[in-house]
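Report on the structure
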Amino acid sequence: MTNYTDRKQIPQSEKWDLTAIYKDQQAFDQDYAKTAELIEQFKSREADFITGSAPFYATLKDAQQIESLLNRLEVYASLFSDLDTGNNEGQILMGRMFKLYNDFGEASSFMQTAMLKVDDLTLQAWNKEEPGLLDYARTIEKARRFREHTLTDESEKLIASMQNAMHSHSRIRSVFANADLSFGKIRDESGKLVTLTDTNYVPFLMGSNRNVRRNAFRTLYRTYDQFGNTFASLLNSYISEKVTMAQVRKYGSSLEESTFYDEVTPEIYHNLIKTVNAHLGSIYDYYTMKQKLLGIPKLHLYDVYTPLVSSSHSHYTYDEAVREVLDALKILGKEYHSTLKQGLTEKHWVDVWPTPGKRGGAYSSGCYGTEPYILLNFTETLDDVSTLAHESGHSMHSYFSHTNNKEQEAYYTIFVAEVASTVNEILFAHYKLRTSSSKEEKLEVLNQLLELYRGTLFRQTMFAEFEEIAHEKVSNGMTLTKDILNADYYALVKKYFGPDVYVDKQIALEWMRIPHFYRFFYVYKYATCISAASSIVKKIETQGDSYINQYLNFLKCGDSRSPLDSLLVAGIDLRKPEVIEDALNDFESILKEFKKSI
Ligand SMILES: [Zn+2]
């Protein structure tokens, strides 16, 4: 494997060039000082913001200019700091950015409520007087749609002053789970005594030694079991806060509030749960096959993460990875292919290799007016090639969004954020299934796809269902106790794993491990994204060019319309069962192919 100990050894073409954002630290400092000054001046805007079309327009333009500068500074600072997380300079830059964002947040906090005070007739008149305002039509609309849900100035101020205390549940949970809990020791596969943590728990469960898996499972939950009352009271108070705030802000429910922020509807949420529920038989089949292949009499919950095939040990150099990804994505047409090719080969989008201190994992970053920046920690495996395909999807989505929209409408939202990346990941997997000559590798790809659907579609939908039950109980006046949460969670696990899996009693405690429940109604977006992606891939592969254009038009939407509307551009209607069914059918056909090939 290629092993670099110093970034200087890496060829220029395989690492980021941050000088394209700021040529040196001095240029960064200049922009920083300029932004700080603009923020200071911006404070005076509050006085005349909504007194006429001219100051209204000027304020929106100034805010946009500051945001634009902040984005550029932030991208530079975070990329710089991620390349060497131990470097003090990077941490200082991030600290300075945090302060600048805070300053602007404070200086501009008047805008949201003020915009609500402009009535429709006035706004229409201002639009005529100042045509430049049309450039901010979506910005204004996005603020004004909260009109029904905004309280008096005094109440809003009161709530804002309590933000810190109100957002404390998740912080307390994470300090408690990560710093205070200890899970004891277990013996690993070589018999060595090791400390069990919530992080190394999953790799243990993916191991091939059943005793180690069982031991890790039982040991971990022994600790959680002792603190169930604390976890329950934390989750109960978090949900109570959300339910109460939804009532205060006149939403029908906390689910309605959460989906309103994303510009979608609870209908999507319910459609997902209902459709997945109608297809649980296919995931039961998967577990039955797993049990047979592992050669055990009954599949326990500590067996479900175990991979069905060992990794194929396929080896890819970085050049091969780029070639494979480009080949796999040729199907998306000339413009897509040539832009990505340029990005990966001439424009050095990717920081390829792991080096000491570099941030782990992978992501795609960048902002309006910069090239995309992809961070990899490439170790030459098939998995890494798939990651490159995934991150390229994010980058190309940004490329199309940024080049086809004004900056204020260029950033696509979290609701669609994983669609383009997952489309690429699935296209790449299908490509490998068509072209790989190694049976071992094909099985690895099939196994990866099955696990992708299990973890992203089925598991997240189960979480989503759990969350809704919990929120509903609280809104009906019930207090969530450890016993109630355990019983609800256990019943769902039983339902989602089916009659052939032995549902160990400890799994009832698993909800305590999931930090996402402190981001209300968030996890279902993983499931809707993979469903949308799967449905898009099906259309790409069956309808060809006529559909590809439609898909590219979706990528070009950015934030110029709501996520629901932009997905409709790609022919994806998440309110209908068909989209979810496409993903479920794909899962079933992969399962069939896997059974045939093993
Ligand atoms: Zn992603």
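Residues numbered from 1 in each chain as written. Predicted model: local features only at pLDDT ≥ 70, side-chain atom pairs only at ≥ 80, totals over all residues. Heavy atoms only, no water.

When helices and strands are tallied, the protein chain shows 25 helices and seven strands. Taken along the three principal axes of its C-alpha coordinates, the protein chain extends 75 × 60 × 50 Å. Burial analysis of the protein chain (598 residues in total) assigns 54% to the buried set. Contacts in the protein chain between residues at least 24 apart in sequence constitute 75% of all its contacts with a sequence separation of at least 6. Of the roughly 26,400 Å² of accessible surface on the protein chain, a fraction of 51% belongs to carbon and sulfur atoms. Of the charged side chains in the protein chain, 67 are positive and 81 negative, and the gap between their average positions amounts to 5 Å. (Helix = DSSP H or I, 4+ residues; strand = E, 2+ residues; numbered from the N terminus. Buried < 20%, exposed > 50% of the residue type's maximum accessible area, 1.4 Å probe, protein only. Contact = heavy atoms within 4.5 Å. Areas by Shrake-Rupley, 256 points an atom, 1.4 Å probe, with all protein chains shown as cover. Lys, Arg positive; Asp, Glu negative; His and termini not counted. Charge placed at Lys NZ, Arg CZ, Asp CG, Glu CD.)

Attention shifts here to the pattern of salt bridges. According to the stated counting rule, one finds 33 salt bridges in the structure shown. The shortest N-O distance in the salt bridge between E409 and K406 comes to 3.9 Å. Two residues, D582 and K538, come together in a salt bridge whose shortest N-O distance is 3.0 Å. With D582 in helix α25 (residues 577-597) and K538 in helix α22 (residues 524-543), the pair connects residues that are 44 residues apart, well separated along the chain. Of the residues examined, K538 reaches a relative accessible area of 43% and is grouped as partly exposed. (Salt bridge = Lys/Arg side-chain N within 4 Å of Asp/Glu carboxyl O.)

On to the domain arrangement of the protein chain. Each assigned domain of the protein chain is listed with its residue range as follows: domain 1 (7-161) and domain 2 (182-226). Taking only C-alpha atoms into account, the centre of domain 1 sits 46 Å from that of domain 2. (Domains from an automatic or database assignment.)

Inspection of every chain in the model, using the stated rule, returns 46 aromatic pairs. A centroid spacing of 5.4 Å and a plane angle of 85° characterise the contact between Y269 and F521, whose relative ring orientation is edge-to-face. Taken together, the positions of Y269 in helix α14 (residues 266-278) and F521 in the loop between β7 (501-502) and α22 put the pair 252 residues apart, joining distant regions of the chain. In this pair, the class of Y269 matches that of F521, namely buried. A connected cluster of aromatic rings, assembled from ring pairs, spans F176, F183, Y201, F217, Y221, Y224, F227, F231 and Y302. (Phe/Tyr/Trp six-rings, centres within 6.5 Å; stacked < 30°, edge-to-face > 60°.)

Between any two of four tetrahedral donors, the ideal angle at the metal is 109.5 degrees; between two of six octahedral donors, it is 90 or 180 degrees. Binding of the zinc ion to the protein goes through H390 (NE2), H394 (NE2), E418 (OE) and E418 (OE), at separations of 2.1 to 2.6 Å. The motif formed by the donor residues of the zinc ion, counted along the single chain, is H-x3-H-x23-E. One end of the pair, H394, is in helix α18 (residues 382-403); the other, E418, is in the loop between α18 and α19 (419-435), with 24 residues separating them in the sequence. By relative accessible area, which is 11% here, H394 ends up buried. Of the residues examined, E418 reaches a relative accessible area of 28% and is grouped as partly exposed. (Donors = N, O, S within 2.8 Å, 3.2 Å for Na, K, Ca; no water.)

Going through the model one piece at a time under the given rule, you end up with three cavities of 30 Å³ or more. Contributing to the lining of the largest cavity are 16 residues, with V304, R454, R459, M462 and F497 lying nearest its centre. When contributions to the lining of the largest cavity are tallied by element, the ones reaching two or more residues are α10 (198-205), α20 (439-475) and α21 (482-497). The dominant element in the lining of the largest cavity, judged by the number of residues it contributes, is α20, at four residues. Across the lining of the largest cavity, the residue classes tally to 12 nonpolar, no polar and four charged. (1 Å grid on protein atoms, 1.4 Å probe; cavity = no way out; pocket = protein on both sides within 12 Å on 5 of 7 lines; lining within 4 Å. Points joined across faces, edges and corners; volume = space filled by probe spheres on them. Nonpolar A, V, L, I, M, F, W, Y, C, P; charged D, E, K, R; others polar.)

This next bit is on unusual backbone geometry. With phi around 60°, K250 is a residue other than glycine that occupies positive phi space. As for its placement among the helices and strands, K250 is situated in the loop between α12 (228-248) and α13 (254-261). Phi is positive for E263, close to 60°, though the residue is something other than glycine. Its place among the elements puts E263 in the loop between α13 and α14. The exposure class assigned to E263 is buried, which follows from its relative accessible area of 15%.

What follows covers the packing of helix α16 (residues 318-328) against α18. In contact at an axis separation of 9 Å, α16 and α18 are set at 50° when each is read in the N-to-C sense. Between α16 and α18, the angle is such that the two are oblique. The hand of the α16/α18 crossing is right-handed. The residues of α18 that touch α16, namely those facing Y318, A321, V322, E324 and V325, are V385, L388, A389 and S392. Residues that form the contact of α16 with α18 fall into these classes: seven nonpolar, one polar and one charged. (Axes fitted to C-alpha atoms, helices over the stretch in contact; angles between N-to-C directions. Parallel < 35°, antiparallel > 145°, perpendicular 65-115°, else oblique. Left-handed = near helix turned anticlockwise from the far one by under 90°.)

This next bit is on the state of the cysteines. Tallying each qualifying case throughout the model produces zero disulfides. The thiol sulfur of C529 is not disulfide-bonded, and the nearest other cysteine sulfur, from C557, lies at 15 Å. For C529, a relative accessible area of 3% gives the class buried. (Disulfide = S-S within 2.5 Å.)

In this section: the side chain of N405. For N405, the position within the fold is in the loop between α18 and α19. One polar contact links the side chain of N405 to the main-chain carbonyl oxygen of S401, over a distance of 2.8 Å. (Polar contact = N/O pair within 3.5 Å; in protein donor to acceptor, adjacent residues only side chain to side chain.)

On to α10. Of the positions making up α10, those classed as buried are D198, Y201, F204 and L205. Projected down its long axis, α10 shows its buried positions confined to an angular sector of 95°, all on one face. Pointing more than 90 degrees away from the buried face of α10 are the exposed residues T199 and P203. Taken together, the buried residues of α10 touch β1 (185-187), β2 (193-195) and α11 (210-226). (Arc of directions from axis to C-beta.)

With that settled, the discussion passes to a positive patch on the surface. Taken together, K292, K592, K595 and K596 make up a surface patch of like positive charges. Relative to the assigned elements, K292 resides in helix α15 (residues 280-294). Note on K292: relative accessible area 61%, which makes it exposed. (Patch = residues over 30% accessible without salt bridge, like charges linked within 9 Å, V, L, I, M, F, W, Y side chains within 5 Å.)

Here the focus is the packing of α12 against α20. Running from amino to carboxyl end, α12 crosses α20 at an angle of 70°, the nearest separation of the two axes being 9 Å. On the basis of their axis angle, the class for α12 and α20 is roughly perpendicular. Taking contact as the criterion, the partners of L235, N236, I239, S240, K242 and V243 in α12 are, on α20, F466, A470, H471, V474 and S475. Along the lines of polarity and charge, the residues of the contact of α12 with α20 split into six nonpolar, four polar and one charged.

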